[in-house]
Amino acid sequence: MRTDYCGELRADDIGREVSVCGWVDRRREHGEHLAFIDLRDRTGVVQCVVDERHDLRSEYVARVTGTVRARPDGTANPTLATGEVEVGDCQVEVLSAAEPPPFPLHSRTEVDENVRLRYRYVDLRGERLQRNLSLRAAVNSAIRRSMEAQRFTEVETPMLVASTPEGARDFVVPSRLHPGRFYALPQSPQIFKQLCMVGGIDRYYQIARCLRDEDLRADRQFEFMQLDAEASFAGQHDVMAFITEAVFAAVEATTGNRPADPITMSWTDAMERYGTDKPDVRFGLELVELTGLFEGTEAKVFQVECVKGINCKGGGGSLGRNAVDELTRKCRQWGAKGLAWFRVGGNGALDGALTKFMSDAEQAALGPAMGAEPGDLLLLVADRRQTVRDVLGLLRLELGRPPVTEGGLHFVWVTDFPLFESIDDQGRPISAHHPFTMPHPEDVGLLDGAGEELLAVRSQAYDMVLNGWELGSGSVRIHRPDIQRAVFRALGIGDDEAEERFGFLLDAFRYGAPPHAGFAFGIDRLVAILAGEENIREVIAFPKTQSGADPLSNSPTPISDRHLDELGLHVLPPPAAG
RNA sequence: GGUCCCGUGGUGCAGUUUGGAGUGCACGCCGGCCUGUCAAGCCGGAGGUCGCGGGUUCAAAUCCCGUCGGGACCGCCA
């Protein structure tokens with residue numbers, strides 16, 4: 001049916017008789033007979049010169065047979081890859097007529113996403129999604145090649161698994177053969193890949209679909225793809241090297257360049273300097289520690305556990321009172337009591353509502369501590385340390401985060417995460433990762449502590465961050481029963497509970513578990529950044545909206561009573577409004 | 001669970017602040033003219049429940065309340 005792709009015809013092809021197939025991208029008619037038809041397929045467009053009358057309209061599907069020829073002098077189109085040639089003496093065969101598209105396919109107008117999703121099959125024809133999906137395919141392919149070159153074996157793990165109470169909310173699937181019982185769709189292949197290690201697979205990988213029933217965001221869908229990997233007889237640095245190699249192979253395959261080596265930063269450093277565990281190091285505006293400067297201060301707002309600030313360079317002039325009020329409002333929404341701000345005057349003196357509560361020494365020290373120059377705006381938050389970090393971390397992004405397409409690719413490995421993220425009401429620690437994460441070897445002794453002391457225990461867990469996006473995380477897993485017992489004891493998990501929740505994994509470890517470590521990273525996010533998209537929906541063929549619906553297929557839908565009966569399910573009426 | 005933004009012919013917008021006839025722009029669509037265009041050009045035309053419901057008013061796209069849909073974010077995502 002077809003001899004060539006539209007977008008691949010070149011001067012070399014002049015004189016050849018070709019058949020091309022595709023969609024009518026655009027037509028330009030001149031009188032009753034002559035028309036220029038731009039025929040489009042996934043490779044691009046080629047101009048076809050049609051001399052007979054044809055009813056060819058936008059998005060008609062056609063097969064055109066003709067002779068490739070040079071365009072007449074002065075009519076070549078240098079903006080087009082096929083611009084030196086055209087297909088002449090065309091015979092046209094309409095393969096499908098088409099209604100006018102529900103929205104323009106070219107990228108000059110940003111069409112409402114709901115409309116694009118309802119007609120996703122039309123949207124997919126556009127240059128943007130064609131480019132993004134082929135980039136995605138190239139990333140997947142490069143990752144597979146890289147993992148295989150590093151002697152990882154691809155293993156497929158089940159989609160219907162046992163529900164576990166930890167972590168994200170599960171999607172559940174009712175069992176027909178076991179009424180009243182449910183499978184869960186996997187949040188990740190975590191348990192299975194560790195079982196693979198016990199099973200001697202040695203190095204496992206999978207480009208795995210993972211599902212979590214949590215609220216959607218620009219960087220989160222219900223279902224997403226991860227490069228999931230685990231290696232036996234390997235530690236943190238081995239795994240970081242494997243993953244860096246796979247990610248860099250994907251970047252190189254799609255951009256042609258190998259990125260700069262990742263920097264490594266401890267979790268504590270990331271939190272103190274960037275206010276987040278996923279630092280975007282493309283820009284400055286780092287958090288400055290000011291707690292010591294305000295020690296013994298008279299100013300009540302600064303008599304707190306922690307004071308930190310951001311120097312918004314030049315913000316004294318560029319940000320007016322309304323803008324600063326808006327920032328204050330946001331800081332309150334993020335959990336701060338307020339935002340203290342000072343404009344730096346021409347002589348370096350500070351101007352702000354709080355100066356009257358501060359000593360001369362404090363006023364004199366604040367500017368130099370923050371590297372202030374005339375015209376800067378100093379933004380301070382005082383509160384519990386965790387609140388200060390969180391709020392200033394968000395404020396920093398608000399003030400300076402560049403668009404995804406700017407600033408290059410800055411990879412960061414964040415290491416030495418705490419083993420426990422916080423202490424609950426009963427004084428028990430809450431796992432930061434999962435309870436099989438190996439503590440830092442220097443901190444194993446601290447596991448016998450209690451309460452707040454446990455928060456000092458570091459773990460051998462590590463995240464890969466790219467331009468402020470958390471690409472993924474991994475850890476060294478506990479394979480020694482004594483350490484596992486100590487962690488469970490710290491978490492307040494008794495033997496019976498451990499058996500009930502994680503029994504089959506613990507059983508497996510009794511039969512010869514190699515030391516192992518692993519990682520998983522989100523392919524959607526990596527592809528989005530490489531594609532210059534702020535939103536992973538732009539790199540997913542059929543994504544869901546923020547409310548978890550698919551405007552194309554109308555999922556989720558009700559199911560029939562007969563179907564429910566078969567599953568032994570009864571649907572309650574929705575809770576009454578009000 | 002919460003905060004904020006958006007909803008006007010097929011598409012993108014203006015109009016909403018300060019209520020006064022569905023007013024306007026660009027693209028697309030339909031018809032006509034046009035033999036070297038390429039975002040073709042020129043002429044003409046069609047196309048509207050201003051998301052939906054209620055309220056205020058002589059009068060609502062515009063003000064108020066509610067609701068639905070979309071988006072960004074907080075919570076949530078071990």
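See the structure shown above.
This is a predicted model, so every value here is computed, not measured.

S.K.: Tell me about the overall build of chain A, and please be specific about residues and values.
M.R.: Broken down by element type, chain A carries 14 helices and 22 strands. Each principal axis of the C-alpha atoms in chain A carries an extent, and together these give about 90 × 75 × 55 Å. Burial status across chain A gives 47% buried among its 578 residues. Looking at chain A alone, contacts between residues at least 24 apart form 67% of all its contacts between residues at least 6 apart. Of the roughly 28900 Å² of accessible surface on chain A, 50% is carried by carbon and sulfur atoms. Side chains of chain A carry 64 positive and 88 negative charges; the gap between the two charge centres is 2 Å.

S.K.: Explain the nonpolar core to me, and be specific about the residues and the numbers.
M.R.: In this structure, Ile143, Leu227, Ile243, Val247, Phe521, Ile523 and Leu526 are the most contacted members of the largest nonpolar core, which totals 65 residues. Here this core spans two domains, since at least three of its residues come from each of domain 2 (127-260 + 520-547) and domain 4 (410-512). Not counting the four nearest positions on each side in its chain, isoleucine 523 is found in contact with Val139, Asn140, Ile143, Ile207, Met225, Gln226 and Leu227.

S.K.: Outline the protein's contact with RNA strand B, listing residues and values.
M.R.: Around RNA strand B there are 49 residues in total, and Arg26, Arg57, Thr75, Glu86 and His433 lie nearest to it. The share of sugar and phosphate among atoms of RNA strand B within 4 Å of the protein is 53%. Between RNA strand B and the protein, one listed contact pairs a base nitrogen with a backbone N or O atom of threonine 75 at 2.2 Å. Side-chain polar atom of arginine 220 to a base nitrogen of RNA strand B: 2.9 Å apart, as the coordinates give it. Elements represented by at least two residues in the surface near RNA strand B include exactly β1 (17-30), β2 (34-41), α1 (113-118) and α8 (321-333). A class-by-class count of the residues in the surface near RNA strand B yields 13 nonpolar, 16 polar and 20 charged.

S.K.: I'd like to hear about the pairing of strand β13 (residues 306-312), residue by residue, with values.
M.R.: For β13, the buried fraction is high: 7 of the 7 residues fall into the buried class. Along β13, one buried face is formed by Cys306, Lys308, Ile310 and Cys312 and the opposite face, lined by Val307, Gly309 and Asn311, is buried too. Where β13 lies against strand β16 (residues 377-383), 7 bridges are found, and the strand directions are antiparallel. Looking across to β16, one finds that lysine 308 is bridged to valine 381.

S.K.: Please provide a residue-by-residue account of helix α9 (residues 360-369), values included.
M.R.: Among all positions in α9, only Glu362, Leu366 and Gly367 are buried. Taken around the axis of α9, the buried residues stretch over an arc of 125°, which confines them to a single face. Opposite the buried face of α9, by more than 90 degrees, sit the exposed residues Asp360, Ala361, Ala364 and Pro368. Buried residues along α9 sit against β14 (340-344), β15 (350-351) and β16.

S.K.: Talk me through the sheet that holds strand β12 (residues 288-289); I want residue IDs and the actual numbers.
M.R.: For sheets, the rule is that strands pair by backbone hydrogen bonds, running either parallel or antiparallel. Here 5 strands make up an open sheet; going across it, the order is β12-β13-β16-β14-β15 and the pairing antiparallel. A strand with exactly one partner marks an edge of an open sheet, and here the two such strands are β12 and β15. Examined bridge by bridge, β12 and β13 share 2 bridges and lie antiparallel to one another. Counted as the bridge partner of valine 288 is glycine 309 from β13.

S.K.: I'd love a proper account of the sheet that holds strand β11 (residues 263-266), names of residues and values included.
M.R.: If you walk across this open sheet you meet the 8 strands as β6-β9-β10-β22-β21-β20-β17-β11, and the pairing is mixed. Every interior strand has two partners, whereas the edge strands, β6 (153-154) and β11, have only one. When strand β20 (residues 461-466) meets strand β21 (residues 469-476), the two strands line up antiparallel, connected through 6 bridges. Across the sheet, aspartate 463 pairs through a bridge with serine 473, a residue of β21. Across the face of the sheet, helix α4 (residues 190-198) comes into contact with β9 (203-211), β10 (223-232) and β22 (516-522) while running at roughly 25° to β10.

S.K.: I'd like a rundown of unusual backbone geometry, residues and numbers included.
M.R.: Between serine 555 and proline 556 the backbone carries a cis peptide bond, its omega angle lying at 0°. Considering the arrangement of structural elements, one finds proline 556 in the loop between α13 (523-531) and α14 (561-567). A positive phi angle, close to 50°, is found at aspartate 89, a residue other than glycine. Tracing the backbone shows aspartate 89 in strand β5 (residues 85-96). Positive phi, close to 55°, is recorded for aspartate 416, a residue that is not glycine. Note on placement: aspartate 416 falls in the loop between β17 (411-415) and β18 (420-423).

S.K.: Please provide a residue-by-residue account of the packing of helix α3 (residues 127-149) against α13, values included.
M.R.: Taken N-terminus to C-terminus, the directions of α3 and α13 make an angle of 125°; their axes are 10 Å apart at the nearest point. With respect to α13, the axis of α3 lies oblique. Relative to α13, the crossing made by α3 is right-handed. Between α3 and α13, the residues in contact are Arg131, Asn132, Leu135, Arg136, Val139, Asn140 and Ile143 and Ile523, Asp524, Leu526, Val527, Leu530 and Ala531, respectively. The residue inventory of the contact of α3 with α13, partitioned by class, reads 8 nonpolar, 2 polar and 3 charged.

Basis of the calculations
- Residues numbered from 1 in each chain as written.
- Chains lettered and ligands numbered in written order.
- Predicted model: local features only at pLDDT ≥ 70, side-chain atom pairs only at ≥ 80, totals over all residues.
- Heavy atoms only, no water.
- Helix = DSSP H or I, 4+ residues; strand = E, 2+ residues; numbered from the N terminus.
- Buried < 20%, exposed > 50% of the residue type's maximum accessible area, 1.4 Å probe, protein only.
- Contact = heavy atoms within 4.5 Å.
- Areas by Shrake-Rupley, 256 points an atom, 1.4 Å probe, with all protein chains shown as cover.
- Lys, Arg positive; Asp, Glu negative; His and termini not counted.
- Charge placed at Lys NZ, Arg CZ, Asp CG, Glu CD.
- Core = buried A, V, L, I, M, F, W, Y, C linked by side-chain atoms within 4.5 Å.
- Domains from an automatic or database assignment.
- Near = heavy atom within 4 Å.
- Polar contact = N/O pair within 3.5 Å; in protein donor to acceptor, adjacent residues only side chain to side chain.
- Nonpolar A, V, L, I, M, F, W, Y, C, P; charged D, E, K, R; others polar.
- Pairing = 2+ DSSP bridges.
- Arc of directions from axis to C-beta.
- Axes fitted to C-alpha atoms, helices over the stretch in contact; angles between N-to-C directions.
- Parallel < 35°, antiparallel > 145°, perpendicular 65-115°, else oblique.
- Left-handed = near helix turned anticlockwise from the far one by under 90°.

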